Every structure is written in C-alpha cells, then in structure tokens.
Amino acid sequence: MTMVPLRSRPPAWAVLAQALRQRRPIRARYHERERLLCPHALGWKNGRAKVLCYQGAGTTSDGHLPADPRQRWRSMFVDELNDAVITDQPWQTAANYSHHSNGIDQIELQIG
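Note that this is a predicted model, so its numbers are computed, not measured.

Enquirer: Which parts of the structure should I look at to understand the overall build of the protein chain?
Expert: Within the protein chain, the regular secondary structure consists of 1 helix and 6 strands. Along the protein chain, helices and strands appear, N-terminal first, in the series α-β-β-β-β-β-β. The C-alpha radius of gyration computed for the protein chain amounts to 14 Å, which stays within 12% of the reference 13 Å derived for 112 residues, consistent with globular compactness. Dimensions along the principal axes, computed over C-alpha positions, put the protein chain at roughly 50 × 30 × 25 Å. For the protein chain, restricting intrachain contacts to residue pairs at least 6 apart in sequence, the fraction spanning at least 24 positions comes to 66%. When the accessible surface of the protein chain is summed, it comes to about 6,500 Å², and 49% of that surface belongs to carbon and sulfur atoms. Positive and negative charge centroids in the protein chain, built from 15 and 10 side chains respectively, lie 4 Å apart.

Below is the structure:
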C-alpha cells in the first residue's frame with residue numbers, strides 16, 4: 001500500500017470546507033479586495049490548494065462584478081485568501097456551474 005503524503009493546507013481551507021459542506025458563503029480578502037464567495041469545489045492544482053467559488057458580491061481585480069451571473073466564477077489559490085469567515089448571507093450560484101472546468105486537478109470536496 002502506497003501512502004500519499006499529507007499536503008499542507010492553508011489556514012482558509014477549514015473555513016472553505018465547512019462553508020462548502022453547509023452551502024454557506026464566506027467573506028474574505030483576495031488580492032486585497034473584499035469578496036463574498038460561495039465555494040463549490042475544493043482541491044489541488046499542481047500541489048497548491050485551490051477553490052472554485054461563485055462571487056456574489058464585492059470587487060474584482062477589474063473593479064465591479066460582471067452583470068451576467070454566469071461570469072462570476074472565480075478559481076483561486078487558497079493560500080492567497082485572507083480573513084475568511086462564514087457569513088449568514090444567502091447561498092448563490094449560477095446555472096452554468098460545472099465541476100469539470102474548474103482549474104482543479106484533484107478535487108477533494110465539491111457541490112454535487
């Protein structure tokens with residue numbers, strides 16, 4: 001039996017995993033911008049923890065959120081998320097969600 005080494009999980013991992021399981025949004029800072037995020041998939045990309053989120057509010061690197069909800073998907077490295085906390089805001093998603101095109105090589109948790 002081959003043992004798979006335990007990967008180092010960034011501090012925000014536990015908050016994201018809990019939010020994903022409970023379908024609750026988180027508030028966090030990513031690249032110095034506050035965002036309201038609904039995590040849909042959590043896993044690994046080239047050995048780094050990565051999350052696929054639907055962004056329901058906040059700002060983006062381009063400024064404001066796109067008006068089209070189908071363009072609010074964000075694939076983010078977990079170690080770049082700061083101050084992540086679960087909120088009581090409503091869960092959000094878009095009809096074009098697909099766990100197959102999420103930028104994650106190995107998925108550990110995902111919305112069904």
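From this point on, the discussion continues.
Enquirer: Would you take a moment to explain the environment of Pro39 for this structure?
Expert: Checked against the element boundaries, Pro39 lands in strand β2 (residues 33-45). Distance in space between the C-alpha atoms of Pro39 and Ile111 is 8.4 Å, their sequence separation being 72 residues.

Enquirer: In this structure, what is going on with helix α1 (residues 12-22)? I would like to understand it.
Expert: Owing to its 3.6 residues per turn, the α-helix aligns residues three or four sequence positions apart on the same side. Of all the residues in α1, the buried ones are Ala12, Trp13, Leu16, Ala17, Ala19 and Leu20. Down the axis of α1, the smallest arc covering the buried residues is 165°, so these residues share one side. Across from the buried face of α1, at angles greater than 90 degrees, the exposed residues are Ala14 and Arg21. Against the buried residues of α1 lie β1 (26-30), β2, β3 (48-58), β5 (81-86) and β6 (106-110). One or two residues past the end of α1 sits Arg23, with phi positive at roughly 50°.

Enquirer: Would you mind showing me how to read the nonpolar core here?
Expert: Generally speaking, a soluble globular protein has its nonpolar side chains buried in company with each other. Membership of the largest hydrophobic core comes to 29 residues, with the highest contact counts inside it found for Trp13, Leu16, Ile26, Leu42, Val51, Val78 and Leu81. Those elements that provide at least two residues to this core are α1, β1, β2, β3, β4 (73-77) and β5. Sort the elements by how many residues they give to this core and α1 lands first, with 6 residues. Residue contacts for Val78: discarding those within four places in its chain leaves Pro10, Ala12, Trp13, Leu16, Leu42, Ala49, Lys50 and Val51.

Enquirer: I tried to follow the packing of aromatic side chains on my own but got confused; where do I start?
Expert: Applying the stated criterion to the full structure yields 3 aromatic pairs. Where Trp73 meets Tyr97, the ring centres are 5.4 Å apart and the plane angle is 35°; that geometry is what we call tilted. With a gap of 24 residues between them, Trp73 in strand β4 and Tyr97 in the loop between β5 and β6 connect regions that are remote in the sequence. Of the two residues examined, Trp73 and Tyr97, each falls in the buried class. The ring of Phe77 is capped by Arg48, whose NZ or CZ atom sits 3.8 Å from the centre of that ring. One cation-aromatic arrangement involves Lys50 over Phe77; the distance from NZ or CZ to the ring centre is 4.6 Å.

Cut-offs used in this document
- Residues numbered from 1 in each chain as written.
- Predicted model: local features only at pLDDT ≥ 70, side-chain atom pairs only at ≥ 80, totals over all residues.
- Heavy atoms only, no water.
- Helix = DSSP H or I, 4+ residues; strand = E, 2+ residues; numbered from the N terminus.
- Rg over C-alpha atoms; globule rule 2.2 N^0.38 Å.
- Contact = heavy atoms within 4.5 Å.
- Areas by Shrake-Rupley, 256 points an atom, 1.4 Å probe, with all protein chains shown as cover.
- Lys, Arg positive; Asp, Glu negative; His and termini not counted.
- Charge placed at Lys NZ, Arg CZ, Asp CG, Glu CD.
- Buried < 20%, exposed > 50% of the residue type's maximum accessible area, 1.4 Å probe, protein only.
- Arc of directions from axis to C-beta.
- Core = buried A, V, L, I, M, F, W, Y, C linked by side-chain atoms within 4.5 Å.
- Phe/Tyr/Trp six-rings, centres within 6.5 Å; stacked < 30°, edge-to-face > 60°.
- Lys NZ or Arg CZ within 6 Å of the ring centre and 35° of its normal.

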